[in-house]
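Coordinates in review
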Amino acid sequence: MSDHESTYVPKTGIEKWLDERLPIIRFGADYMALPTPRNLNYWWTFGAILTLCLVVQIATGIVLAMHYTPNTELAFDSVERIMRDVPGGWLIRYVHANGASMFFIAVYIHMFRGLYYGSYKQPREMIWILGCVIFFLLIATAFLGYVLPWGQMSYWGAEVITNLIGAIPVIGEPILIWLRGGPAIDNATLNRFFSLHYLLPFAIAGVVFLHLWALHQVGQSNPVGILMPKDSRSKDYLPFHPYFTVKDGFAIILFLMLFAVFVFYNPNALGHADNYIEANPLQTPAHIVPEWYMLPFYAILRAIPDKFGGVVAMFAAIGVLFILPWLDTSRVRSMRYRPTMKKLFVIFVVVCLGLGWCGAQLPDANVIPGIGGGFTLFDGDINTYLWLTRVLTAYYFLFFLVLMPWVGLKETPLAVPASISEPVLTGETEQKG
Amino acid sequence: MTDQVVHDGDGDPNRRDFIHIAAGAAAVGAGAACVWPLINQMNPAADTVALASIDFDLTKVSEGSQVVIRWQGKPVFVRYRTAEEIQEAEQTPLSALKDPQADADRVKAGHDQYLVVVGSCTHLGCVPTFGTGDYGGWFCPCHGSHYDTSGRIRKGPAPKNLVVPDYEYLSDTSIRIG
Amino acid sequence: MTSTLTKRVAAGLFAAVALMGAGAAQAEGGALHPRNVNFSFEGPFGTFDQGQLQRGYRVYEQVCSACHSMNLMAYRMLGQEGGPFYDEHHEAARNPYVAAIAAQIEVPDTDTETGEPITRPATPADHFRAPFPNATAAAFANGGAAPPDLSVITKARHGGAEYVYSILTGYRDAPDGLRINPGQHYNPYMNGDMSPFWEGDEHHVPPGGFIAMAPPLVAGAVTYDDGTEPTVDQMAQDVAAFLAWAGDMHQVERKRTGFAVLIYLLLFGIITWFSYKKIWRDVGH
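Residues numbered from 1 in each chain as written. Chains lettered and ligands numbered in written order. Predicted model: local features only at pLDDT ≥ 70, side-chain atom pairs only at ≥ 80, totals over all residues. Heavy atoms only, no water.

A short note on the overall build of chain B
A tally of helices and strands in chain B yields 4 helices and 10 strands. For chain B, the sequential pattern of α-helices and β-strands runs α-α-α-β-β-β-α-β-β-β-β-β-β-β. The C-alpha radius of gyration of chain B comes to 28 Å, more than 25% above the 16 Å expected for a compact globule of 178 residues. For chain B, the spread of C-alpha atoms along the principal axes amounts to about 95 × 35 × 30 Å. Among the 178 residues that make up chain B, the fraction classed as buried is 37%. Put simply, of all contacts in chain B between residues at least 6 apart along the chain, 51% involve residues at least 24 apart. When the accessible surface of chain B is split by element, carbon and sulfur atoms take 57% of a total near 9600 Å². Of the side-chain charges in chain B, 15 are positive and 22 negative, and the distance between the mean point of each set is 4 Å. (Helix = DSSP H or I, 4+ residues; strand = E, 2+ residues; numbered from the N terminus. Rg over C-alpha atoms; globule rule 2.2 N^0.38 Å. Buried < 20%, exposed > 50% of the residue type's maximum accessible area, 1.4 Å probe, protein only. Contact = heavy atoms within 4.5 Å. Areas by Shrake-Rupley, 256 points an atom, 1.4 Å probe, with all protein chains shown as cover. Lys, Arg positive; Asp, Glu negative; His and termini not counted. Charge placed at Lys NZ, Arg CZ, Asp CG, Glu CD.)

This is the structure in structure tokens:
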């Protein structure tokens, strides 16, 4: 918290000299000494994991850009040249490609954690909103990056996603042409996507700085969800270092092991085979799907029979996150003490995974095979992914727009402890998070 | 500092505010003028806009099939329709259509066997596959739009018919697109 | 409380990953799942069989390369570590076997004095000669369907090397009631949808799709130096192994590095765990 007193004492003459002019060591030392709620569990380590992901993506991305050629004639071959001829290039490229997936695994867990423990609630609204901005920038960056290898999925993904903008009435078409730099996805598009893909991660880093600034202003949330004592010497706090650096470090090592299994043993498992076919503007692959981390939003897009309506629903699915702090009417932060909301939350997690699954299926395919041509509702058989997606989409929005405000007013939460040391001392503790 | 306040106080308060607002507005204008070229550069470049037209020899298409050519970076379907397909397209009542347009308005008079359309699904731009779907025209694999033998949208999320590009007949067997 | 939630979410994530895998498999359409082959390079410790890679290259060179390019391959790659003609006494670009293989092939070039187009014997640094000058020419010479480049074919198809093997050995006579257009062949392992061409029972549409390539392998099409009998099955396995190597030639190195990385992370993790325990020893939490 920003109001905790600085404990840094410059030791040498040089440190003292520097501290009077540019207190950068003090800044770092105070950061490390930050009073942190002692009961943070492993779900809280994903912040550090995400910082690592950003650093890994920027570092590998910068060196990949030294070999990549953003030209429609050369892009595909230049990526494969990195894989074959550049010393260790296969490693850097596979780390970057799988790093995107790892980034999203971590960011989704981080977001679900924030949702479960009410980390978006007063006074942390700005942290949450800045987090939503980061998430949006992350999706944009990942989309732009996926276009660069210029495979079939790159090209058709770019075609479909830019066409979403064309769905906006009146101004959509001119914006679409402006964005692509021509009537179709072509060299101009690839060039600017490369430029923006290089730029956006630094914008993300900037917003991450604001995200942390806001975090240090109000202090971290915690699993119990109560406001922390003002006195930073309270035994509810532990200094960030060494307690949480080592905890985050341990979690990072576990995460890196998962990362390594993908990079070294299944480097293409999270990608799509069609992206190893060079882009062909005259032929769409039989079954186009976005990367796994976009699938829930893609499913929502397809759930709506109207083109513009689908685009609105998809953006609303992200947009609703921004106003979440004002949709939740509960006075209790942590869902640990909200039994009804906790059940609805578990359903919500399943619904999000279900939407992801539906996004990978053909909309007309049967959910339960063998029972075809059954009951038709409006424009489709009820036993299709189309209808399953619609039901799940309905719950997605219902959860935020109806259940959040309504349950918060109606439910009776369990008794919330007065301080975090209370459950800690009485032994009613969680098992290692 | 205090001196300045006294001097400022001399003038008419409204006039004094105006000069600050005008200066601020000029700054905003200068900023906008600087940003505009940075935005404008993303519009299609001169070589991209130079509307390249292409000639196509219709004898390359056999009856009941289509040829796909590339024009302005997009696929264009040239389809030689069978008599049965033409009849089907012409007899469809306009009331059955999502984007009503008569078949006669989508081909050139006297050449109704040749249908020329831009091969981008009007939903999200995928290339529909030939001869499939419920209406015998095209079927878009991405999100399941069905087009009939006149390239008109019949079922699925696409809002419009396949676009007929500007083209003209140079002779009975040759067209110029663009 | 939280730990049960942890388990639930973890189980959910696991189920989702499994289901997405199932979804991807379903998305292949009506094709049969590729037949299983026990390739030597499978698994976390698998390596390529150099003899098989040499035979596979021979099949590619004598059969496939008549129509299929491998534009991302250079002859020198055949001699690099793990490659079919790797020799530890020679660096890849100076490998005499590779130089001899390249020298048999004429590649197009430009005369340095006159600027006229010429051909000359290839060197190890040259890329594989392409059978056609461009995709349009390739399509024109093959009835409209350009033979795909094979450089990364095993990465570009679900099933990888087993898919290639299955296609090559999977040609069948079309079942009665299936209309086949001239220049097309039926293959149950090919992606496609046969329902528009099927006149039989609509619930029993035959699996697979049409392929423009005629069955390319006949027994004895290639002579093997090492005495292996060149059956269709053997040649298909060998060329599939060669293509798997060509598409992902650093995979053995990759898996070896991965093993070292995981062992390191494991030890690092154990040390950090004890460090964590020690730091948190006096803190109830």
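Let us keep going from here.
A short note on the packing of helix H14 (residues 339-359) of chain A against helix H15 (residues 385-410) of chain A
All names here are of chain A. It is the contact of H14 with H15, at a shortest axis distance of 9 Å, that shows an interaxial angle of 150°. Classified by the angle their axes make, H14 and H15 are roughly antiparallel. Relative to H15, H14 is oriented so that their crossing is left-handed. For the pair H14 and H15, contact is made by Thr340, Met341, Leu344, Phe345, Ile347, Phe348, Val351, Cys352, Gly354, Leu355, Trp357 and Cys358 and by Tyr385, Leu388, Thr389, Leu392, Thr393, Tyr395, Tyr396, Phe399, Phe400, Leu403, Met404 and Val407, respectively. In the contact of H14 with H15, the residues fall into 20 nonpolar, 4 polar and no charged. (Axes fitted to C-alpha atoms, helices over the stretch in contact; angles between N-to-C directions. Parallel < 35°, antiparallel > 145°, perpendicular 65-115°, else oblique. Left-handed = near helix turned anticlockwise from the far one by under 90°. Nonpolar A, V, L, I, M, F, W, Y, C, P; charged D, E, K, R; others polar.)

Describing the pattern of salt bridges
Under the defined criterion, the tally for this structure stands at 26 salt bridges over all chains. Across the pair C:Arg76 and A:Asp85 runs a salt bridge, and its minimum N-O distance is 2.9 Å. With C:Arg76 in the loop between helix H2 (50-62) and helix H3 (96-103) and A:Asp85 in the loop between helix H4 (75-84) and helix H5 (89-116), this residue pair bridges two chains. The partner of C:Asp109 in a salt bridge is C:Arg120, with the nearest N and O atoms 2.6 Å apart. Taken as a pair, C:Asp109 in strand E1 (residues 106-110) and C:Arg120 in strand E2 (residues 117-121) lie far apart in primary sequence, 11 residues in all. We classify C:Arg120 as partly exposed; its relative accessible area is 23%. Each of A:Lys121, A:Asp328, A:Arg338 and A:Glu411 takes part in one network of salt bridges that share partners. (Salt bridge = Lys/Arg side-chain N within 4 Å of Asp/Glu carboxyl O.)

Observations concerning the interface of chain B and chain A
Of the residues lining the interface, 25 residues belong to chain B; the matching set on chain A comes to 28 residues. The junction of chain B with chain A conceals about 2200 Å² of combined surface from both sides, 63% of it contributed by carbon and sulfur atoms. The largest per-residue losses of area from chain B upon contact with chain A belong to B:Met42, B:Leu124 and B:His143, which jointly make up 29% of the total buried on that side. The interface formed by chain B and chain A includes 1 salt bridge. With its nearest N and O atoms 4.0 Å apart, the salt bridge here joins A:Asp186 to B:Arg70. The interface formed by chain B and chain A includes 6 residue pairs in polar contact (both at pLDDT 80 or more). At the level of elements, strand E2 (66-71) and strand E3 (74-80) of chain B are the ones that each hand at least two residues to the side of chain B that touches chain A. Its residues assigned to classes, the side of chain B that touches chain A shows 14 nonpolar, 9 polar and 2 charged. (Buried area = accessible area lost by both parts, 1.4 Å probe. Polar contact = N/O pair within 3.5 Å; in protein donor to acceptor, adjacent residues only side chain to side chain.)

Quick notes on the packing of aromatic side chains
Residue and element names in this part refer to chain A. Per the stated rule, a full pass over the model turns up 49 aromatic pairs over all chains. Ring geometry for Phe143 against Phe193: centres 5.8 Å apart, planes inclined by 65°, an arrangement best described as edge-to-face. Here the residue Phe143 occupies a position in helix H6 (residues 125-147), and Phe193 occupies one in helix H9 (residues 187-218), the gap between them amounting to 50 residues. Residue classification places Phe143 among the buried residues on the basis of a relative accessible area of 17%. Measuring from centroid to centroid gives 6.3 Å for Phe209 and Trp213, while their planes differ by 50°, and the two rings are tilted. (Phe/Tyr/Trp six-rings, centres within 6.5 Å; stacked < 30°, edge-to-face > 60°.)

Digging into the nonpolar core
Core analysis: the biggest nonpolar cluster contains 144 residues, and A:Phe135, A:Tyr396, A:Phe399 and A:Phe400 have the highest contact counts within it. For this core, the domains that each give at least three residues are domain 1 (32-281) and domain 2 (291-328 + 339-412) of chain A. (Core = buried A, V, L, I, M, F, W, Y, C linked by side-chain atoms within 4.5 Å. Domains from an automatic or database assignment.)

Side note on the sheet that holds strand E1 (residues 54-57) of chain B
Residues and elements named next belong to chain B. Overall, antiparallel pairing links the 3 strands, which are arranged E1-E10-E9 in an open sheet. The open sheet has two edge strands with one neighbour each: E1 and strand E9 (167-171). Adjacent strand axes in the sheet meet at a mean angle of 30° when their direction is disregarded. Note: E1 against strand E10 (residues 174-177), 4 bridges, orientation antiparallel. Paired with Ile54 across the bridge in E10 is Ile177. (Pairing = 2+ DSSP bridges.)

Comments concerning the pairing of strand E6 (residues 136-139) of chain B
Residue and element names in this part refer to chain B. Examined bridge by bridge, strand E5 (residues 129-130) and E6 share 2 bridges and lie antiparallel to one another. If you follow Phe130 over to E6, its bridge partner there is Trp138. Summarising the sheet, E6 and strand E7 (residues 146-148) pair through 3 bridges and their orientation is antiparallel. The residue bridging Trp138 from the neighbouring strand is Tyr147, located in E7.

Thoughts on helix H8 (residues 251-279) of chain C
Here H8(C) contains 29 residues, and its C-alpha end-to-end distance of 41 Å stays within 8% of the 42 Å for a straight helix at 1.5 Å per residue. Residues of H8(C) that are buried: C:Gln251, C:Val252, C:Arg254, C:Lys255, C:Gly258, C:Leu262, C:Leu265, C:Gly269, C:Thr272 and C:Tyr276. Buried-residue contacts for H8(C) involve H5 and helix H10 (240-265) of chain A together with helix H7 (232-247) of chain C. (Expected span 1.5 Å × (residues − 1).)

A closer look at the side chain of A:Arg180
Residue and element names in this part refer to chain A. Tracing the backbone through its elements, the reader meets Arg180 in helix H8 (residues 172-180). A polar contact of 3.1 Å, which involves the side chain of Arg180, links it to the side chain of Thr162. Beyond its immediate chain neighbours, meaning those up to four positions away, Arg180 contacts Glu159, Thr162, Asn163, Ile185, Ala188, Thr189 and Arg192.

Side note on the environment of B:Tyr80
By the secondary structure assignment, B:Tyr80 is in strand E3. Sequence separation of B:Tyr80 and B:Tyr114 is 34 residues, and the distance between their C-alpha atoms is 4.8 Å.

Quick look at the sheet that holds E5(B)
Across the sheet, which stays open at both edges, the 4 strands sit in the order E5-E6-E7-E8 (chain B) with antiparallel pairing between neighbours. Each edge of the sheet is formed by a strand with only one pairing partner; in this case those strands are E5 and strand E8 (153-155) of chain B.

Details of the environment of A:Thr51
Residues and elements named next belong to chain A. Here Thr51 shows up in helix H3 (residues 46-65). Residue Thr51 is classed as partly exposed on the basis of its relative accessible area, which comes to 42%. Thr51 sits 117 residues away from Ile168 along the chain, and the two C-alpha atoms are 35 Å apart.

As for the state of the cysteines
Residues and elements named next belong to chain C. Summed over all chains, the structure comprises 0 disulfides over all chains. Looking at the unpaired Cys67, the closest cysteine sulfur is the one in Cys64, lying at 9.1 Å. Judged by its relative accessible area of 32%, Cys67 is partly exposed. (Disulfide = S-S within 2.5 Å.)

Observations regarding the packing of H5(A) against H10(A)
Residues and elements named next belong to chain A. The geometry of H5 relative to H10 is characterised by a closest axis approach of 9 Å and an angle of 130° between their N-to-C directions. Classified by the angle their axes make, H5 and H10 are oblique. Along this stretch, H5 crosses H10, giving a crossing that reads as right-handed. On H10, the residues touching Trp90, Leu91, Tyr94, Val95, Asn98, Gly99, Met102 and Ala106 of H5 are Phe255, Leu258, Phe259, Phe262, Val263 and Phe264.

Topic: the confidence of the model for chain C
Chain-level statistics for chain C give a pLDDT mean of 87 and a share of 89% at 70 or above. Under the prediction, the complex receives an ipTM of 0.91, its pTM being 0.89. (pLDDT = per-residue confidence, 0-100.)

Focus on unusual backbone geometry
Residues and elements named next belong to chain A. Here the amide bond leading from Gln122 into Pro123 is cis, since omega sits at 10°, within 30 degrees of zero. With respect to the element layout, Pro123 can be found in the loop between H5 and H6. Residues other than glycine seldom take positive phi values, yet Trp150 does so here, at roughly 55°. Topologically, Trp150 is positioned in the loop between H6 and helix H7 (152-166).

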